[in-house]
Amino acid sequence: MQVLQVQLEIRPDPAEVGRARRWARSRLAGSGIGADEPLAETLILLVSELVTNAVVHTGCPAVLRLLLTGVRDDASGTPGGTVRLEVADASARPPAPRHARGDETGGRGLELVDGLADRWGWDPEGPGKLIWCEVDRCAAKVGGRITACTTDVALADLAYGAV
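Residues numbered from 1 in each chain as written. Predicted model: local features only at pLDDT ≥ 70, side-chain atom pairs only at ≥ 80, totals over all residues. Heavy atoms only, no water.

J.: Can you lay out the overall build of the chain for me, pointing to particular residues and giving the numbers?
T.: Scanning the chain for helices and strands turns up 4 helices and 7 strands. Written out in order from the N terminus, the α and β elements of the chain read β-α-α-β-β-α-β-β-β-β-α. Scored against the burial criterion, the 163 residues of the chain give a buried share of 42%. Split by element, the accessible area of the chain, about 8,600 Å² in all, is 54% carbon and sulfur. (Helix = DSSP H or I, 4+ residues; strand = E, 2+ residues; numbered from the N terminus. Buried < 20%, exposed > 50% of the residue type's maximum accessible area, 1.4 Å probe, protein only. Areas by Shrake-Rupley, 256 points an atom, 1.4 Å probe, with all protein chains shown as cover.)

J.: Tell me what's going on with the nonpolar core, and back it up with residues and numbers.
T.: Counting 31 residues, the largest nonpolar core has Ile10, Ile33, Leu43, Leu46, Val51, Leu64 and Leu85 as the members making the most contacts within it. Sorting the residues of this core by element identifies β1 (3–10), α1 (15–30), α2 (38–58), β2 (62–69), β3 (82–89), α3 (109–116) and β5 (128–136) as the ones contributing at least two each. Ranked by the residues each element gives to this core, the list is headed by α2, at 10 residues. Not counting residues within four places of it along the chain, the set of residues in contact with Ile10 comprises Glu16, Arg19, Ala20, Val51, Val55, Pro61, Ala62 and Leu64. (Core = buried A, V, L, I, M, F, W, Y, C linked by side-chain atoms within 4.5 Å. Contact = heavy atoms within 4.5 Å.)

J.: Please provide a residue-by-residue account of the sheet that holds β2, values included.
T.: Pairing in this open sheet of 5 strands is antiparallel, and the strands run β1-β2-β3-β5-β4 from one edge to the other. Strands at the two margins of the open sheet, each flanked by one partner only, are β1 and β4 (119–125). Taken pair by pair, the neighbouring strands of this sheet meet at an average axis angle of 15°, ignoring direction. Across 7 bridges, β4 lies against β5 in antiparallel orientation. Looking at β5, one finds that Trp122 is bridged to Ile131. (Pairing = 2+ DSSP bridges. Axes fitted to C-alpha atoms, helices over the stretch in contact; angles between N-to-C directions.)

J.: So what's going on with the packing of α1 against α2? Which residues, and what values?
T.: Between α1 and α2, whose axes approach to 9 Å, the crossing angle comes to 150°. The hand of the α1/α2 crossing is right-handed. Two secondary-structure elements touch here, α1 through Glu16, Val17, Ala20, Arg21, Ala24, Arg25 and Leu28 and α2 through Ala40, Glu41, Leu43, Ile44, Val47, Ser48, Val51 and Thr52. Looking at the contact of α1 with α2, its residues break down into 9 nonpolar, 2 polar and 4 charged. (Left-handed = near helix turned anticlockwise from the far one by under 90°. Nonpolar A, V, L, I, M, F, W, Y, C, P; charged D, E, K, R; others polar.)

J.: Lay out the confidence of the model for the chain in plain terms, naming residues and giving numbers.
T.: Predicted coordinates in areas of low pLDDT are best not read in detail. Within the chain, residue pLDDT values average 81, and 75% of them lie at 70 or more. Confidence drops under pLDDT 50 across residues 139–163; counting only partners more than four residues distant or on other chains, this segment forms 35 contacts. (pLDDT = per-residue confidence, 0-100.)

J.: So what's going on with the layout of surface pockets? Residues and values would help.
T.: Any empty space left between the atoms is revealed when a probe the size of a water molecule rolls over them. Roughly 430 Å³ of internal volume is contained in the largest pocket. Taken together, 23 residues form the lining of the largest pocket, with Asn53, His57, Ala96, Gly107 and Leu110 sitting closest to its centre. It is α2 that contributes the most residues to the lining of the largest pocket, 8 residues altogether. A class-by-class count of the residues in the lining of the largest pocket yields 8 nonpolar, 9 polar and 6 charged. (1 Å grid on protein atoms, 1.4 Å probe; cavity = no way out; pocket = protein on both sides within 12 Å on 5 of 7 lines; lining within 4 Å. Points joined across faces, edges and corners; volume = space filled by probe spheres on them.)

J.: Describe the environment of Ile10, naming the residues involved and giving the relevant values.
T.: On the secondary structure map, Ile10 appears in strand β1. Look at Ile10 and you get buried, because its relative accessible area is 4%.

J.: Provide a residue-level description of the packing of α2 against α3, including the pertinent values.
T.: Where α2 contacts α3, the two axes come as close as 9 Å, and the packing angle between them is 145°. α2 and α3 meet at a crossing whose hand is left-handed. Residues Thr42, Leu45, Leu46, Glu49, Leu50 and Asn53 of α2 form the contact with α3, whose own contacting residues are Gly109, Leu110, Leu112, Val113 and Leu116. When grouped by side-chain class, the residues that make up the contact of α2 with α3 number 7 nonpolar, 3 polar and 1 charged.

J.: Outline the environment of Val51, supporting the account with residue identities and numerical values.
T.: Here Val51 shows up in helix α2. The class for Val51 is buried, based on a relative accessible area of 1%. For the pair Val51 and Pro14, spaced 37 residues apart in sequence, the C-alpha to C-alpha distance is 9.0 Å. Beyond its immediate sequence surroundings of up to four residues, Val51 is in contact with Ile10, Glu16, Val17, Ala20, Leu64 and Val87.

This is the structure:
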């Protein structure tokens, strides 16, 4: 199985969130995930949420990792595999998902991660922790066309308030 792994060191500065998004967009494009694909936009939103949590809630440096497995799922060249995002930081404090009220300006990050990712979680790592999420890049025929099945459904659910 082919695996591509890249990482970026993040300083505990809110400006790093934008830099992480630009870096991830560039790495995704380099791996064949176009900027106009719904999958790319989903992954960039997930990067933004995970990096924001690390920067805002820990005050510690962090490392963003992007792992792509099984870049193609068969000989036809159809996109397949999984994209995994990881953010490791030096804070042992576990993530605390919240449910924000309508007028609150924060507290939705992990809800978004839960709604957009196929899987997510966290694990202790050294003195700190690793928060991760995965999005399956599967192919499904819908009305004769190939779509990234999980991402399209998740975005539609968010748009219509199902998540």
